[in-house]
Amino acid sequence: MPAKVISAFNEKGGVGKTTLLFHVAGEFARRGLKVLLIDHEPQHSLSNNLLGLATIRQLHSNETIAAIYDDACEVPSSRLIHSTAFRQISIVPSCDALKPYNDARPEEAGAKQVALREFIGDVKPQFDIILIDCPSNLALCTWASLTASDAAYSPTLPEDFGAQGTTSVRAMVDAVMSATNPNLRFLGFVLNMVDRRLSIHKAYERSLREHYGHRVFSTSVPHRVDFKEGVAARKPIAFYKPNSPAAQCIADLVDELTDRMADCLARPPQLQNEDSTSAFQPRSRCEAR
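Given the structure is predicted, the values throughout are model-derived calculations rather than measurements. (Residues numbered from 1 in each chain as written. Predicted model: local features only at pLDDT ≥ 70, side-chain atom pairs only at ≥ 80, totals over all residues. Heavy atoms only, no water.)

**As for the overall build of the protein chain**
This is how the line gets drawn: Helix and strand assignments follow DSSP, with helices taken as H or I runs no shorter than four residues and strands as E runs no shorter than two, numbered in order from the N terminus. Our radius of gyration looks at C-alpha atoms and nothing else; its globule reference is 2.2 Å times the residue count to the power 0.38. Working definition: with a 1.4 Å probe on protein chains only, accessible area under 20% of the residue-type maximum means buried, over 50% means exposed, and in between means partly exposed. In what follows, residue pairs with any heavy atoms lying within 4.5 Å of each other are defined as contacts. Surface accessibility follows the Shrake-Rupley procedure with a 1.4 Å probe radius. Residue values consider only the protein chains on display as shielding. Lys and Arg are tallied as positive, Asp and Glu as negative. Neither His nor the chain termini are counted. Taken as the charge location is NZ of Lys, CZ of Arg, CG of Asp or CD of Glu.
The helix and strand tally for the protein chain stands at 12 helices and 7 strands. Relative to the globule expectation of 19 Å for 289 residues, the C-alpha radius of gyration of the protein chain, 18 Å, shows essentially globular dimensions. In terms of overall dimensions, the protein chain has a C-alpha envelope of 55 × 45 × 35 Å along the principal axes. For the protein chain, buried positions account for 56% of its 289 residues. At a minimum sequence separation of 6, the contacts of the protein chain that also span at least 24 residues come to 82%. Only carbon and sulfur atoms are counted for the fraction: they give 48% of the accessible area of the protein chain, which is about 12600 Å². Computed over 32 positive and 33 negative side-chain charges, the inter-centroid distance for the protein chain is 6 Å.

**What to know about the side chain of Thr-180**
In this structure, Thr-180 sits in the loop between helix H7 (166–179) and strand S7 (185–191). Note on Thr-180: relative accessible area 13%, which makes it buried.

**Considerations on the confidence of the model for the protein chain**
The criterion, for reference: Per-residue confidence from the predictor is given as pLDDT, running between 0 and 100.
Chain-level statistics for the protein chain give a pLDDT mean of 92 and a share of 93% at 70 or above. Low pLDDT, under 50, characterises residues 279–289; the stretch is placed with 18 contacts to residues that sit more than four places away or in other chains.

**Some remarks on the side chain of Gln-88**
We apply this condition: Nitrogen and oxygen atoms within 3.5 Å of one another constitute a polar contact, given that in protein one can donate a hydrogen and the other can accept it, and given that sequence-neighbouring residues count only through two side-chain atoms.
Examined against the element boundaries, Gln-88 turns out to sit in the loop between strand S3 (82–83) and strand S4 (89–92). By relative accessible area, which is 15% here, Gln-88 ends up buried. Polar side-chain contacts of Gln-88 include one of 3.0 Å to the backbone oxygen of Leu-33. Apart from residues no more than four positions distant in its own chain, Gln-88 is found in contact with Ala-29, Gly-32, Leu-33, Lys-34 and Val-35.

**Quick word on the pattern of salt bridges**
Working definition: two side chains of opposite charge can pair if their charged atoms are close together. For clarity, the cut-off: Salt bridges are counted wherever a side-chain nitrogen of Lys or Arg sits within 4 Å of a carboxyl oxygen of Asp or Glu.
Enumeration according to the criterion identifies 14 salt bridges in this entry. Residue Lys-241 pairs with Glu-229 through a salt bridge whose shortest N-O separation is 3.4 Å. Of the two residues, Lys-241 sits in the loop between helix H10 (237–240) and helix H11 (245–265) while Glu-229 sits in helix H9 (residues 225–232), which places them 12 residues apart along the sequence. Overlapping salt bridges bring together Glu-27, Arg-30, Arg-31 and Asp-255 as one network.

**Topic: the packing of aromatic side chains**
Rule in force here: Only rings of Phe, Tyr and Trp enter the pairing, Trp through its six-membered ring, and a pair is recorded when the two centres are within 6.5 Å. The plane angle decides the type: under 30 degrees is stacked, over 60 is edge-to-face, the rest tilted. Consider the ring centre and the ring normal. A charge sits over the ring if Lys NZ or Arg CZ is within 6 Å of that centre and within 35 degrees of that normal.
Taken as a whole, this structure holds 4 aromatic pairs when the rule is applied. Between Phe-186 and Phe-189 the ring centres are 5.2 Å apart and the planes differ by 75°, which places this aromatic pair in the edge-to-face class. A relative accessible area of 3% places Phe-186 in the buried class. Taken together, a centroid distance of 5.2 Å and an interplanar angle of 35° make the contact between Phe-189 and Tyr-212 tilted. Pair noted here: Phe-189 is in strand S7 and Tyr-212 is in helix H8 (residues 199–212), with a separation of 23 residues, a long-range link. For Tyr-212, a relative accessible area of 2% puts it in the buried group. Chaining the aromatic ring pairs together yields one cluster made of Phe-186, Phe-189 and Tyr-212. Lys-34 extends its terminal NZ or CZ atom over the ring of Phe-127, reaching a point 5.7 Å from the ring centre. When the ring centre of Phe-217 is taken as reference, the NZ or CZ atom of Arg-260 above it lies at 4.3 Å.

Encoded structure:
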């Protein structure tokens, strides 16, 4: 069966999107699935971690995801796929050369809107799951990722700025569905780096769940040092501390991600503006207290 393609995206930076995807990929790999990570982020943090910054600096752009946007570059798709230290995980790395292609007007980018979808179509049979890391903006790299995806989810912080980004996320899903990928499914918001010792986090989590209901994953990811230590050790938590509460949390998240994917694909795709929820209006700080 061809691989399912899932993008992780949010307009807001600092929500732990790349770190969470790194650990999610590790859990899929631990379960024996062949995982392809696509680093579609011009800052290439995921590539740096899995391959090393020195290796990324030595790669020619035609060995990275930037090659699919270069009209003068003709290389086989297999050349862009690199092995990692984890047998079940491969990566298509990013590099600085991707930056000029991340157009702020993606709907005007012509064939570049579907370049990633065409690349993924070539390599899908080799993998069980393909995960795409998007930049912290809603420009071409995110647009092309959603265009190429079966589904997407959005890591979100239960705080002012993180919560306010939910409206833009939903609007982006609808824009892509209306223009380039009518079959895209939005799996929902994953509350990430949650610290329940903080009253503001508890208040915002409650507000988000009350407002978006099923659009918020039941599994929330706590703020744990194990996740950061795993990144520092260049090991997903499933391999770094497989018996830890942090690893169990990621396992629970992957279970829910898989279940939501199956459920969404069993039903017709739905525009977000057809949902019963309207724009999220976060509570004021005084009200949250």
